Amino acid sequence: MSDLVIKDMSIIDGETVIEQGYVVIREGQFQEVRAGDYETNSNTRTHVISGKGKMMIPGLVNTHTHSPMTLLRGWSDDLELERWLSEKIWPAEAQMTEQMSEVGTNLALVEMIRSGTTMFSDMYHLNREGTAKAVEETGMKALLTRGMITMFDSASVASEKLHKAVDYAKRCNASSTRRLKGGLFPHAVYTNRFTFLEDVREAATKEQLPIQLHMSETKKEVADHLRTYGMRPAEHLLTGGILSEGDLLVHAVHVDEDEITLMNDKT
């Protein structure tokens, strides 16, 4: 197999800026990243591409996606979150099939690849096996989770959902390609009982899995949580032992300075 050389471009990583340089790629892996002009080695089979006027950067990482929901993009997005979920999104998702979810996920992967995104973190309840397969086939990387909403479930049903989520995460971690990681994603505090979140924490600790969670998405959520528990969401989750280092709070747009400090210290 011949080497692929991309030359005459700017190259930027976390520490270095090369105004003009080249990269040598062999069997899908970077072998050289150098400044200056590329000089063809007659003893080496190479395929040379000009990157003039272009820039190479590290792959982008999307830390929160619901990839099948690409099909629902723009659907009533002028509503407040509670109405958007209860009146539009959840009824629409109730009609989603595994095949529809697969189409949405594949579209999301195409869009991410075209944008330079090489890794993403994804939560959903449909097409989980298909998503894992698609990630490996495209050569991307992902942290995948099976979402959990258990507020209106019996204890046995909630326990079964957690069992399935843990099993899925462990199978992702066992992927032979090493392109997959697994985690646990209870949807939010307002869609799960706090006792269930404690069960999630116990399972995450036992299986060494990261937790991700929607939190403080709206002012109403924060006010409701404060009224019910006497604490703001971030304070409750972090001081209550639900979240710890390596976990991810998603959105978190309605947090105060004390919560920001707490999140910085705890996660």
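Residues numbered from 1 in each chain as written. Predicted model: local features only at pLDDT ≥ 70, side-chain atom pairs only at ≥ 80, totals over all residues. Heavy atoms only, no water.

Trainee: Got a sec to walk through the pattern of salt bridges? Specific residues and values, please.
Mentor: Considering all chains together, one arrives at 15 salt bridges under this definition. One salt bridge connects Asp 153 with Lys 161, and the closest N-O pair in it is separated by 2.8 Å. Between Arg 201 and Asp 247 there is a salt bridge; the shortest N-O distance is 2.8 Å. Note that Arg 201 is positioned in helix 5 (residues 194–207) and Asp 247 in the loop between helix 7 (233–239) and strand 12 (248–251), a separation of 46 residues in sequence. A relative accessible area of 13% means that Arg 201 is categorised as buried. The buried category is assigned to Asp 247, whose relative accessible area is 9%. One salt-bridge network, in which partners are shared between bridges, spans Glu 129, Asp 167 and Arg 171. (Salt bridge = Lys/Arg side-chain N within 4 Å of Asp/Glu carboxyl O. Helix = DSSP H or I, 4+ residues; strand = E, 2+ residues; numbered from the N terminus. Buried < 20%, exposed > 50% of the residue type's maximum accessible area, 1.4 Å probe, protein only.)

Trainee: Go over unusual backbone geometry, please, and point to the residues and values.
Mentor: At Gln 208, a position not held by glycine, the phi torsion is positive, near 55 degrees. Counting through the fold element by element, Gln 208 comes out in the loop between helix 5 and strand 11 (212–215). Non-glycine residue Ser 216 carries a positive phi angle of around 55 degrees. Within the secondary structure layout, Ser 216 lies in the loop between strand 11 and helix 6 (219–229).

Trainee: So what's going on with the nonpolar core? Residues and values would help.
Mentor: With 27 residues, the main nonpolar core has Leu 162, Leu 184, Leu 237 and Leu 243 as its most contacted residues. Counting only elements with at least two residues in this core, the list comes to helix 4 (155–173), helix 5, strand 11, helix 7 and helix 8 (257–266). If you tally residues by element for this core, the top one is helix 5, at six residues. Among all residues touching Leu 184, those that are not within four sequence positions of it are Thr 145, Met 148, Leu 162, Ala 165, Val 166, Val 200, Ala 203, Ala 204, Leu 209, Pro 210, Ile 211 and Gln 212. Listed in part, the 13 residues of the second largest apolar core include Ala 108, Leu 109, Met 112 and Ala 142. (Core = buried A, V, L, I, M, F, W, Y, C linked by side-chain atoms within 4.5 Å. Contact = heavy atoms within 4.5 Å.)

Trainee: Outline the packing of aromatic side chains, listing residues and values.
Mentor: The final tally for this structure, using the stated rule, is two aromatic pairs. Measuring from ring centre to ring centre gives 5.1 Å for Tyr 22 and Tyr 38, while their planes differ by 65 degrees; the resulting arrangement is edge-to-face. Separated by 16 residues along the polypeptide, Tyr 22 in strand 2 (residues 17–26) and Tyr 38 in the loop between strand 3 (29–35) and strand 4 (46–50) bring together distant segments of the chain. By relative accessible area, Tyr 22 is classed as buried at 9%. (Phe/Tyr/Trp six-rings, centres within 6.5 Å; stacked < 30°, edge-to-face > 60°.)

Trainee: Lay out helix 6 in plain terms, naming residues and giving numbers.
Mentor: Where helix 6 is concerned, the buried positions are Glu 221, Val 222 and His 225. Take helix 6 and look down its axis: the buried residues cluster within an arc of 95 degrees, on one side only. Looking at helix 6, the residues exposed on the side facing more than 90 degrees away from the buried face are Lys 219 and Arg 227. Elements that come into contact with the buried residues of helix 6 comprise helix 1 (81–93), strand 11 and helix 7. Taken from the residues just after helix 6, Gly 230 is the one with a positive phi, measuring 80 degrees. (Arc of directions from axis to C-beta.)

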